[in-house]
Structures are given as C-alpha cells and as structure tokens.
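What follows is the residue order along each chain.
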Amino acid sequence: IPYSFLMDMFILNSQELIHGWKVYDYVSYQRYRFSTREQRWMLRSETLDESIAEGMQTLDLMCFSSQYYFLLSIFSLGMLNMMFATTIFLRTDYAIFGDPVMPLIFMLWFLLCEGLKRFLVRMADVQVRYFGWRGLWKTKQIEGTVDDDVAAKLAIGEGRQADLEQERLELQALNSERFRHRFLERNRPWILQHLVELLTPRSLEGTGPDGRPVVEYIRDVYAELMAMGEGARKPGDRSDVSSDEEDELEDMRREWPRAPLQGPSLAIARLWLEKARKRRAFNKLVTGIIQSHKEAACNVCSRNEDNGAILSVGLATNGEFDQYAIDRLIGEFEQQYSVNEKDPNLWKAFFRSKAQYITRCNYCLDRLEQERLKREAKLPGAGRPTRPDDISSDEEDDEVVFDQVFVTSASNEGKMMSKWLTAARKRIGGVFPRPDARKQMERHAERMRKRKLEGGKAKIAGMDDVDAGQEELKKKWEVELNAASKALAIRWLRLGRDSVGKKFRSRGDELREGVMNHVSRMPEEDDWFFGAALRIEGMNLQEDGSQLMLDRRSLEADEAVKVRKIQVDYVDFEKEKQKVIDDDRRQFEQKMAEAADRVQIEVELRTRELNRLKEERKKENDITEQTAREEEGAVSSEMMEAHRNSIIEIEELIANEQTRAEMAHAKVEAAERAVYDRKEQLAVQTITDRRIMAADNVQRIQRETMAKIKSEESNWQSRASRWLGVARRKVELKEIEDAEQQTQKRRRKRRG
C-alpha cells in the first residue's frame, strides 16, 4: 500500500503537469462538496452534475469520500465471501438448492443481517461530546449549527424565491456591458495567451460579424485588447485635460509589466493571494458571531434604537474600534496552532475566546468620519468646505441650494475650475452657454432670496408635504412590513429564541460542572475552614441540579419524539403531494406531446394533399401548353405567367397552412400551460403551508418544553451562582494558604 500510494502521487502529479488536469483542485472541490452536503448519505441527493458522462455522474456524486470507499469495501468483501462460498460448495459437493433447510438458513441470515444493520445505524447516531464525536457522517444541518449556513433561507417555504432572485441578478450582471468590459480588462493577459488555441485555420477562413474576413476582424480585436491596459486615449481627447476616471493608482496599474511572474515575485504573489483568501474565509465564518454580540445601546454615546439610532457592531482592541483586529486575531491563531491550520470550528472557538466587540451608532460613525475627513482634507482658500446637506439641483426648484461662493479666475482655484468646466463641456458636447442658462441662473438667485427670507431649509426641501398618517406611525414606531421583511423578522425571532435557549442550557451545564468541582474540593475534614453548612448546601445543590438535568432530558426526549413525528408526517405529506404533482406534470406533458403529434399529422396530411394538387395542376398546365403549341405553334407569355402564378399560389398555400396550424397549436398550448402552471403553483403552495405549519408546531413544542423547566431551572441557577461565588473565593483562599504552609514546611526542613 505505501508503494502504491507513492506511485499514485507521482502519476497524478505527472498527468496534472502534462495534460493540464486540475486534479488537486477537483479533489479539493469534492471535499468541499462532501463537507457541505445536504443529505447525510450522498446517494440520496437528487442533484447530479450533468456536464459529466451519465455513467460517471453517481461516481462524481460520491465525491471520492469515506462513503465511496466504504461502499467499495462492502462490495469487495461481498465478492470475496461469494468466491469463498463457491469454492467451499465445489470442494464439498454441496448442493445448496437441494438442501431442505436452505429457506430456514436464508431467513436466519436475513434476520441477522437486518438486526445488525439496525444496530449499526443506531450506533452511527451515538454522540460522544467528550471526544467531540457528533455521529458518523453527521451533517451540519442535522447537528443544528447555524454559523456555517451561509446560504440560509429567510424563512421556511421562501428559499426558492431567494434562489431565483439571486439567479436573476447574476444573469442580469452577466448580460451587462459593464461586466463584460471589466471581464475583458481583468482577464486580458489570459485571453491574449490562449487566443492562439481558440483559433483554427478553418475558423480563420470564414467571415466575421462585421462582414470582413475573420483574420482582419481578429487583428482589430487583438489591437483593442493590447490597448485596453495601456491607457490609450480616445480620438479627440486633449492631452492637457485630465479625465475624471484617471488617477495615479490607475496609471501605476497600466505601467505594471505583463510578463508572467517568476521566482520570488511569484512566491510573494502566491503568498499574498493565500493570505487574502484565508482572511476572507475566516472573516466570513465569524460574521454571525460578531453580529450576535451587538448590544442594545451604543458603547460611546449610550444611544439605543428607541432613540432612532442605527446600531452596528465591530471588533475592538482595548475598548477602541480596530479595523485591523481581524488580521491580529488571525496572526495569533496561526502562532498558536499553525499557519496551515484552517479548521472552521477551531477558528471560531479561538475567535470567541479572544475577540473583543464594540457597538456604535450611526451618529458616532458619522462624527468620526467627519473628523477623519477634516484631518485629511486640504481646503484651498479661507472659505468653509461644502456641508453634506448643501445639495442643489438646477432642474428642481424645491431642493436645498448651495450658498454663494466667489472665486477669482486668476487664482489657482479659478484656473482649476475653468479647466474642469472646459473638459466637462467638451465631453458633453454642444454649444455653450446653453439657451436656457440665463433662466437657470435667475431661478437659482430666486431660490437663494427665498431661502434667506423664510429662514429655513425644511419648507424649501419639501418636508411640509409629508403624509400626516406616515408621520403618526413614525412617532408610534409602527411600520408596515412586506412579505420578505416579515419572513426575515420571523427567521430572526426563531434564531433568537434558539440562541437564548442554548445560552440558558449552556449556563446551567457550566454551573453544574462548577458546583460538582467545588463540592469535590471541600472534603468533610475541612469543615473547620469552609463550614459544614456551605458544604451541605453545595451537595444539595448538586443533587437538585442532577435531578433537574434528568427531568430536562426526559422532557427533551418527549419533545424529540413529538418533533420527529411532526417531521415524519410532513415528509410523508410532501412525498405524497410531490408524487401527485409529478404524475400530473407527466400526464400533462404526455397530453401536450400527443396534441403536438396530432397537429403534425394533420399538417403532414394537408401538405401531401396540396402537393398532389400541385402535381395535378402542373400536369394540366403541361397538357394545355402542349395543346397550344400544336394548335398555335407556340405558348403565349400570358398563359405561361398564369400557369406559373397558379403553382406559386399552391406553394404559398402550403406554407401558410403549416404556419397557421403551428400558430394555432402554440396558442392553445400556451393557454393550457398557463392554466396548469397556476394549478401546480397552488399544489406547491399547499406543501409550503404544511411546512410552515410544521415549523410553527415544532417551535410551539419547544417553547412548551422550555416553559416547564425554565422556572425551576432559573431558581436553581440563581442559587447555584450565589453559592458558587462564595465557594470559589473560599476554595481559592484555602489553596493559597495550603501552598504557603507547604512552602514554610520546605523552608524549615532546609534549615533543619
């Protein structure tokens, strides 16, 4: 096996280098697919990669995972046992089908294998928390973690709509010209490098989309690609006028060398890319953890959401916001474990233990941003900078206007503004000044006078036209939610309840462990120090905690049974309804296919009939022309034109008949499909309603279970917290005194 393993490594790497096969990327992708699978057993997944040959799709579905090698081992063991059995039968001349006890043997073996299977399935569900064992091939969804559900649905029953909306946005982005230009600009070196592989002698012999030969068209495209990264100016651009799209960073990028990296440069680029990918992945894993630590009030100004503030949470260092805290934590994580360590659970555990958080409101963020801009701004002249609310428009009279600013044309500011105005007019084009420029200036001056007389911006900005009903709702903090917002709120509420319940149970487990630990460190012979009352109280708390734990587990077992029944009922209902929907869809498609076949047959019969009529008309025309030649010596042009027109009319009739039949069938089919689609949507909505009802029932059962144990558990936790605080201080003090006594004894022994 070691020799085969080494040879496989050598062969696969050689094939990857020679043929360009991305073996490592494929194996890494398969590992990712297996870790993020939805079904516990991969073969239960209904999604196959149709880009692979049909015979290899199920093999690709197994992802070369442990389940794949488990199946290979089972089949190999089965074939080996079959060979052993056949050899034994042949050597002992045993006729298995002639043995009267054969049915009993088969039945016993079947029962034994079935019992063994059920036992192993139950053993696969066993969880050992001490070793971190969650069960064999358990998925994250089954375990119940929500930190890694990156594509979590907004609400039960509305996940498909979100996927469709995401697909629509992606398709819209792919069809946009901006995306295509950015794609060409970013992938220009690769396209130029592989352009030779895309062109063949046969393709170069054709005609391009603009009517020219393909060779000339490709030459122009190649020239445009080469000029795309060099910052070539458009025709008519002036060299003394700068563009708003050009900056120093863009100029530096254009001057970068286009040759492939080698040596240390390549190593540095790969290191940077690996660090960037790791930072992005680690930041994505802990986004939910950061958001869960958002407090109810701002840590800087103590504003809360009731005051109209929008709160946001971020990472902090020593109580101050630090935008580079994530990099520092990643560095500490790599120092403690390894640079190559990428386990998500280990990273999240480390992040929870080390991260510090700070909650800030939008007012504090705006104030800090304004202070930063003031420090970085380089304001020319003695005037003040334009305020954020000084927004004007030359097209609308009801907007806020700028205050008047006077700049001399001889100053540096005036020269810069003149240069910018000239470039802007050249880009816009046309004649300047515009015909309505004077009217716009007069309207602007009138707005300035109006603002000065009325003394305020609210009325000019249109704030007095706000609906009174909306203002009343804002005062009462009432909002009207649409379906998506309501689904998001329900999802957040459920996750919040689950999080509160988990924290409550986790705190109880920590208190039980602490009580048991401190009771064990209070022996009866040390009652002179701790006091018998404190020790007995701790023992009583330990017994009460154990009893509450047993009660909670019993209630949770009942809850699991009820939840399991609800889930099984829903799965059965979904399978039944989905089967009915699939059968109806299959019958409908069969009906549509039969209707299309009938229309095709009718069109074919009608076409044949018209073709026969056409042939008969041709024969009649030939006979008429032959008679005319015999009687008159020649055929008149009018007769030939009439005969030709009669044939053309029949051909047009054939084409029109086919078009008419196809259009009529398409119209009928579209109407029937619209009716059936509405019917199918109603059936699918029934499944969605049942899913929502099942989720509500599960939540109700969980709330009832929590309500039964919460009061007693809360009382016990409060008593345990008080006792644990006293016991912890006394135990620590006792250990310190014992350590001092041991030190004094050793000193006396040394002196003696």
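Residues numbered from 1 in each chain as written. Predicted model: local features only at pLDDT ≥ 70, side-chain atom pairs only at ≥ 80, totals over all residues. Heavy atoms only, no water.

### Side note on the overall build of the protein chain
Within the protein chain, the regular secondary structure consists of 24 helices and three strands. The 752 residues of the protein chain split such that 20% are buried. Long-range contacts, defined as pairs at least 24 residues apart, comprise 68% of the intrachain contacts of the protein chain with a sequence gap of at least 6. Here the protein chain has roughly 57700 Å² of accessible surface; of this, 57% comes from carbon and sulfur atoms. (Helix = DSSP H or I, 4+ residues; strand = E, 2+ residues; numbered from the N terminus. Buried < 20%, exposed > 50% of the residue type's maximum accessible area, 1.4 Å probe, protein only. Contact = heavy atoms within 4.5 Å. Areas by Shrake-Rupley, 256 points an atom, 1.4 Å probe, with all protein chains shown as cover.)

### Here we look at the packing of helix α13 (residues 264-285) against helix α15 (residues 325-336)
The packing of two helices is summarised by the inter-axis angle and the distance between the axes. Their axes nearest at 11 Å, the elements α13 and α15 cross at an angle of 105°. As summarised for this structure, α13 and α15 are arranged roughly perpendicular, according to the angle between their axes. Residue-level contacts link K275, K278, R279 and F282 of α13 to I326, D327, I330, F333 and E334 of α15. (Axes fitted to C-alpha atoms, helices over the stretch in contact; angles between N-to-C directions. Parallel < 35°, antiparallel > 145°, perpendicular 65-115°, else oblique.)

### Some words on helix α18 (residues 412-428)
In an α-helix, one full turn covers 3.6 residues, which means residues spaced three or four apart are oriented alike. With 17 residues, α18 extends 24 Å from end C-alpha to end C-alpha; this agrees with the ideal 24 Å at 1.5 Å per step. Positive phi shows up at G429, right after α18, with a value of about 85°. (Expected span 1.5 Å × (residues − 1).)

### Quick word on the packing of helix α21 (residues 483-520) against helix α23 (residues 532-632)
In contact at an axis separation of 10 Å, α21 and α23 are set at 145° when each is read in the N-to-C sense. Relative to α23, α21 is oriented so that their crossing is left-handed. For the pair α21 and α23, the contacting residues are R505, D509, R512, V515, M516 and V519 in the first and G538, M539, L541, Q542, G545, L548, M549, R552 and E556 in the second. A class-by-class count of the residues in the contact of α21 with α23 yields seven nonpolar, three polar and five charged. (Left-handed = near helix turned anticlockwise from the far one by under 90°. Nonpolar A, V, L, I, M, F, W, Y, C, P; charged D, E, K, R; others polar.)

### What to know about the environment of D322
When you line up the elements, D322 lands in the loop between β2 (320-321) and α15. A C-alpha to C-alpha distance of 9.8 Å links D322 and Q356, two positions 34 residues apart in sequence. If sequence neighbours within four positions are ignored, D322 has contacts with L315, A316, T317 and R328.

### Notes on the nonpolar core
Within the largest apolar cluster, 17 residues are counted, with the highest numbers of intra-cluster contacts made by V286, I290, L315, I326, W347, F351 and Y357. At the level of elements, α13, α14 (287-292), β1 (311-317), α15 and α16 (344-354) are the ones that each hand at least two residues to this core. Counting residues per element, this core draws most heavily on α15, at five residues. Excluding anything up to four places from it in sequence, Y357 contacts I289, I290, H293, V313, G314, L315, A316 and F351. Grouped together as the second largest cluster of nonpolar side chains are 14 residues, L511, V515, F530 and W716 included. (Core = buried A, V, L, I, M, F, W, Y, C linked by side-chain atoms within 4.5 Å.)

### With respect to the pattern of salt bridges
Pairs may arise between side chains of opposite charge once their charged atoms sit close together. Across all of its chains, the model carries 28 salt bridges by this definition. In this structure, E713 and R512 form a salt bridge, with 2.9 Å as the shortest nitrogen-oxygen distance. Of the two residues, E713 is situated in helix α24 (residues 637-751) and R512 in helix α21; the sequence distance between them amounts to 201 residues. When sorted by exposure, E713 lands in the same class as R512, which is buried. Beyond isolated ion pairs, a larger network of salt bridges with shared partners links R585, E589, E669, R673, D677 and E680. (Salt bridge = Lys/Arg side-chain N within 4 Å of Asp/Glu carboxyl O.)

### Quick word on the pairing of strand β3 (residues 357-361)
For β3, a buried count of five out of five residues is recorded, marking the element as mostly surrounded by other parts of the structure. By the bridge criterion, five bridges tie β1 to β3 in an arrangement that is antiparallel. Among the inter-strand pairings, L315 is bridged to a residue of β3, identified as Y357. (Pairing = 2+ DSSP bridges.)

### Some remarks on α15
Under the 1.5 Å per step criterion, the end-to-end length of α15 is 16 Å for 12 residues, consistent within 8% with the ideal 16 Å. Its buried side turned inward, α15 meets α13, β1 and α16.

### Re empty space enclosed by the protein
Counting across every chain of the model gives one cavity of 30 Å³ or more. Quantified by volume, the largest cavity comes out at close to 30 Å³. Together, L548, R552, I709 and E713 line the largest cavity. At the level of secondary structure, the elements contributing two or more residues to the lining of the largest cavity comprise α23 and α24. Its residues assigned to classes, the lining of the largest cavity comprises two nonpolar, no polar and two charged. (1 Å grid on protein atoms, 1.4 Å probe; cavity = no way out; pocket = protein on both sides within 12 Å on 5 of 7 lines; lining within 4 Å. Points joined across faces, edges and corners; volume = space filled by probe spheres on them.)

### Observations concerning the side chain of S646
Positionally, S646 belongs in helix α24. What makes S646 buried here is its relative accessible area of 11%. Leave out the neighbours within four places in its chain, and S646 touches R617 and N621.

### Concerning the confidence of the model for the protein chain
Here the protein chain shows a mean pLDDT of 77. Residues at 70 or above account for 76%. The secondary-structure element of the protein chain with the lowest mean pLDDT is helix α6 (residues 140-143), recorded at 47, while helix α4 (residues 66-92) shows the highest, at 91. Segment residues 141-160: pLDDT under 50, and 33 contacts once partners within four positions in sequence are set aside and those in other chains are kept. Under a pLDDT of 50 for its full length, residues 229-246 has, in the predicted model, 19 contacts with residues more than four places off or in other chains. (pLDDT = per-residue confidence, 0-100.)

### Here's the deal with the sheet that holds β1
Reading across the sheet, the three strands line up as β2-β1-β3 and stay open at both edges, with antiparallel pairing between neighbours. The sheet is open, and its two edges are formed by β2 and β3, each paired on a single side. Across two bridges, the pairing between β1 and β2 is antiparallel. When the bridges of β2 are listed, T317 appears paired with E320.

### Structural notes on the packing of aromatic side chains
Applying the stated rule across the entire model yields 14 aromatic pairs. Arranged with centres 5.3 Å apart and planes meeting at 70°, the rings of F64 and Y68 form a pair that is edge-to-face. For Y68, a relative accessible area of 17% corresponds to the buried category. A network of ring pairs unites the aromatic residues F282, F333, W347, F350, F351 and Y357 as a single cluster. (Phe/Tyr/Trp six-rings, centres within 6.5 Å; stacked < 30°, edge-to-face > 60°.)

### Regarding unusual backbone geometry
A positive phi is found at F64, a non-glycine position, where the angle reads about 50°. With respect to the element layout, F64 can be found in the loop between α3 (57-61) and α4. The class of F64 is partly exposed, set by a relative accessible area of 36%. Positive phi is not limited to glycine here, since S302 has a value of about 65°. Locating S302 in the fold gives a position in the loop between α14 and β1.

### Structural notes on the side chain of H665
Considering the arrangement of structural elements, one finds H665 in helix α24. With sequence-adjacent residues up to four places away left out, H665 is seen in contact with M592, A595, A596 and V599.

### A look at a positive patch on the surface
Side chains of K745, R746, R747, R748, K749, R750 and R751 sit close together on the surface and give a patch of like positive charge. Here R750 is to be found in helix α24. R750 gets classed as exposed once you look at its relative accessible area, which sits at 71%. (Patch = residues over 30% accessible without salt bridge, like charges linked within 9 Å, V, L, I, M, F, W, Y side chains within 5 Å. Lys, Arg positive; Asp, Glu negative; His and termini not counted. Charge placed at Lys NZ, Arg CZ, Asp CG, Glu CD.)

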